[in-house]
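Inside the fold
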Amino acid sequence: MALDIQIVLPAILGAVLAFVWLRSKPFTSQLRGPPSPSWLYGNMQELFLPIPYGKYEFEWQKLYGKAYRLRGCFGSEALVVSDSLALRYIANNAWTFTKPPHIQWINFIGFGSGSLLTAVDEQHRRIRAAMNPVFSAVEVKKVFPTIQKAALDATRRLTAICDDSGAQRSINIYPLLHNITLQAVGESIMGYDFAADETFTKCYENFVVSISKRDKAGLIADAILPRLPRWVSYLLAYFPPPVLAKLLEHRELSTKIAQSVVENKLEEIKLGIEPDGDLIGRLVHSNTNLSEKMSLEEIKDQFGTINAAGEDTTANALSWALFELAGNAMWQSELREEILSHSSDIAQGDYDSLPFLNAFIKETLRYHSPVPLLGRIANADAVIPLSEPIKTRSGKEVTEIFVKKGQQVLGAIQAYHRCTSIWGEDADRFLPSRWLRGDSTLGDGSTIGPYANLVTFWGGPRTCIGWRYAVLEIQVMLCELVRKFSFGVKDAKDIHQSYAITTVPVDTSGKVGLVLLVNAL
């Protein structure tokens, strides 16, 4: 009997210890994933630095499914998710899956505590409720003439560059697209002429260039920042490294502009002048009648937010749209014919009546997702459901993933847009016609974002508030440019996607830009 106890007790104790050890390990350790090349970088170089972007990530999805494990820097672990049901769950549970603390800190010092990027919980709900009506379909359509003005300014600038010989000119169109979207955002949303403010324009250009650079040092910095004591993080605001210095300079100038603009809007209200022309003016006016108002500081904090979050993504989407048109003369001709045949609709701002235009825009936002990855961290234990099973390392099939508080989660937006189960077997091809197929639903019933089942504008409480504006801006800009110019590209294989928070076009050397062959019609 004593011998039996001597045998049984250690066995029981071992089983209990094994159970506790397994429970202490994150469930993600049971998931499949690529081997880590190094403890220092993990898989982060393969994820963020390859040209083209997605070189490894899209293959990982094919090998391991729509949820798998990655190694981060210093041996950390991340869950990568592209499953539609899982993404919808994460987006809808925005206060369980929040932005990582170091990203929140950057948003706080870069855009302010009242920014939609920074605000959480009740503050976010109140600010969102105040701003939603201003960014409704009806209100956004009212700024169509201002966006069109910016587009016409762009065509005049391009015309001046092109000569009258009829020959194509080689033009880096990337800076121009950023300038015109900055102008459009400034005048139509904030009621401010950025084009006339050379100091701010230069500051913003420096800011965009600084965040476009990704390297190994940046990966290490991103990994170290969350591990720093809070007092060290705040000390960086007083002794900022170069990239952070550009962000702080952008905030300082944005705040000065916001102060002046908001004061003018308030003075107009006192004089009984109705808001006209820009969305912020309408926000300041409508806010005075709300029971749950935004503070003036919260309104001012939206200036830098909208400027940075709205301009860069839209300009990059326009760049990719023109790149795809430049590489396919048939699509370009079809779009130009549609534009010319719908001139009366366009004059009224009715761009939704152009089927090929909208199919092309949707395909651009799918294939060239402006934001390819979205980082979140679990604020509490949670169970993420999956729309289809995945296999663990042991070969077991699971339809849900248990995540512990503190688990890093990456929403793989661009990879989701490559899922063949949703977008078809040709999901890895740029094909506008997929949106014109009468028998294609382009979805599996798990609608996530607000636009075309794409996750381009995310979803849930954190859905991009300006998504309608962004779509209208792309519609207007494309129509004006394609109507008046033809575009070509010397060698499309020399242009690649690169990760720079957004997806930017780079040449074979990694230089950001988009050189196209442009001819005035």
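Up top you'll find the structure we're talking about.
Below or above, wherever it landed, is the structure these notes cover. (Residues numbered from 1 in each chain as written. Predicted model: local features only at pLDDT ≥ 70, side-chain atom pairs only at ≥ 80, totals over all residues. Heavy atoms only, no water.)

Quick look at the overall build of the chain
- What the chain contains, in helices and strands, is 21 helices and 12 strands.
- With the principal axes as the frame, the chain shows a C-alpha extent of 100 × 55 × 40 Å.
- Sorting the 521 residues of the chain into buried and exposed places 53% on the buried side.
- Long-range pairs, those at least 24 residues apart, make up 75% of the contacts in the chain between residues at least 6 apart in sequence.
- With an accessible surface of roughly 23,200 Å², the chain has 57% of that area assigned to carbon and sulfur atoms.
- Of the side-chain charges in the chain, 53 are positive and 55 negative, and the distance between the mean point of each set is 6 Å. (Helix = DSSP H or I, 4+ residues; strand = E, 2+ residues; numbered from the N terminus. Buried < 20%, exposed > 50% of the residue type's maximum accessible area, 1.4 Å probe, protein only. Contact = heavy atoms within 4.5 Å. Areas by Shrake-Rupley, 256 points an atom, 1.4 Å probe, with all protein chains shown as cover. Lys, Arg positive; Asp, Glu negative; His and termini not counted. Charge placed at Lys NZ, Arg CZ, Asp CG, Glu CD.)

With respect to helix 15 (residues 296-326)
- Taking 1.5 Å as the rise per residue, helix 15 with 31 residues should run 45 Å; its terminal C-alpha atoms sit 45 Å apart, in good agreement.
- If you look at helix 15, its biggest bend is around 30°, right at Thr 305.
- With 27 of 31 residues buried, helix 15 is to be regarded as a mostly interior element. (Expected span 1.5 Å × (residues − 1). Bend = angle between axes of the 7 residues up to and from the residue.)

Thoughts on the pattern of salt bridges
- Here the structure, examined in full by the defined rule, presents 21 salt bridges.
- The partner of Lys 66 in a salt bridge is Glu 388, and the shortest N-O contact between them spans 3.0 Å. Separated by 322 residues along the polypeptide, Lys 66 in the loop between helix 3 (57-64) and strand 1 (67-71) and Glu 388 in strand 6 (residues 382-391) bring together distant segments of the chain.
- Residue Lys 66 is classed as buried on the basis of its relative accessible area of 13%.
- Given the relative accessible area of 32%, Glu 388 is considered partly exposed.
- Residues Glu 139 and Lys 142 are paired through a salt bridge, measuring 3.0 Å at the closest nitrogen-oxygen approach.
- When its relative accessible area of 45% is taken as the criterion, Lys 142 is described as partly exposed.
- Among the ionic contacts, a cluster of salt bridges with common partners joins Glu 363, Arg 366, Asp 426, Arg 434 and Arg 437. (Salt bridge = Lys/Arg side-chain N within 4 Å of Asp/Glu carboxyl O.)

Looking at the pairing of strand 6
- Relative to strand 7 (residues 397-403), strand 6 runs antiparallel, the two being bridged by six bridges. Paired with Ile 384 across the two strands is Ile 401, which belongs to strand 7.
- As consecutive antiparallel partners, strand 6 and strand 7 are separated by five residues, and within that stretch Gly 395 has a phi angle of approximately 95°, a positive value. (Pairing = 2+ DSSP bridges.)

Some details on the sheet that holds strand 3 (residues 97-98)
- Spatially, the five strands line up as an open sheet ordered 1-2-8-5-3, and their pairing is mixed. What marks the edges here is a single partner per strand, and that holds for strand 1 and strand 3.
- One ladder, built from five bridges, connects strand 5 (residues 373-378) with strand 8 (residues 408-412); its direction is antiparallel. Along strand 8, the bridge assignment pairs Arg 376 with Val 409.

Focus on the packing of helix 13 (residues 242-270) against helix 15
- Contact geometry for helix 13 and helix 15: axes closest at 9 Å, N-to-C directions at 125°. Regarding the angle of helix 13 to helix 15, the classification is oblique. Between helix 13 and helix 15 lies a crossing whose hand is right-handed. On the side of helix 13, the interface is formed by His 250, Arg 251, Ser 254, Ile 257, Ala 258, Gln 259, Val 261, Val 262 and Leu 266, while helix 15 contributes Leu 296, Ile 299, Lys 300, Asp 301, Phe 303, Gly 304, Asn 307 and Ala 308.
- Tallied by class, residues from the contact of helix 13 with helix 15 come to nine nonpolar, five polar and three charged. (Axes fitted to C-alpha atoms, helices over the stretch in contact; angles between N-to-C directions. Parallel < 35°, antiparallel > 145°, perpendicular 65-115°, else oblique. Left-handed = near helix turned anticlockwise from the far one by under 90°. Nonpolar A, V, L, I, M, F, W, Y, C, P; charged D, E, K, R; others polar.)

What to know about the packing of aromatic side chains
- Following the criterion strictly, the structure yields 25 aromatic pairs and no others.
- Between Trp 331 and Phe 430 the ring centres are 5.6 Å apart and the planes differ by 50°, which places this aromatic pair in the tilted class. Here Trp 331, found in helix 16 (residues 329-341), pairs with Phe 430, found in the loop between helix 20 (420-423) and helix 21 (467-484); they are 99 residues apart in sequence, far enough to count as distant. One exposure class covers both Trp 331 and Phe 430, and it is buried. (Phe/Tyr/Trp six-rings, centres within 6.5 Å; stacked < 30°, edge-to-face > 60°.)

Overview of the environment of Ser 394
- Mapped onto the elements of the fold, Ser 394 is located in the loop between strand 6 and strand 7.
- Residue Ser 394 is classed as exposed on the basis of its relative accessible area of 65%.
- Sequence-wise, Ser 394 and Ser 212 are 182 residues apart; in three dimensions their C-alpha atoms are separated by 40 Å.
- A polar atom in the side chain of Ser 394 sits 3.0 Å from the side chain of Thr 392. (Polar contact = N/O pair within 3.5 Å; in protein donor to acceptor, adjacent residues only side chain to side chain.)

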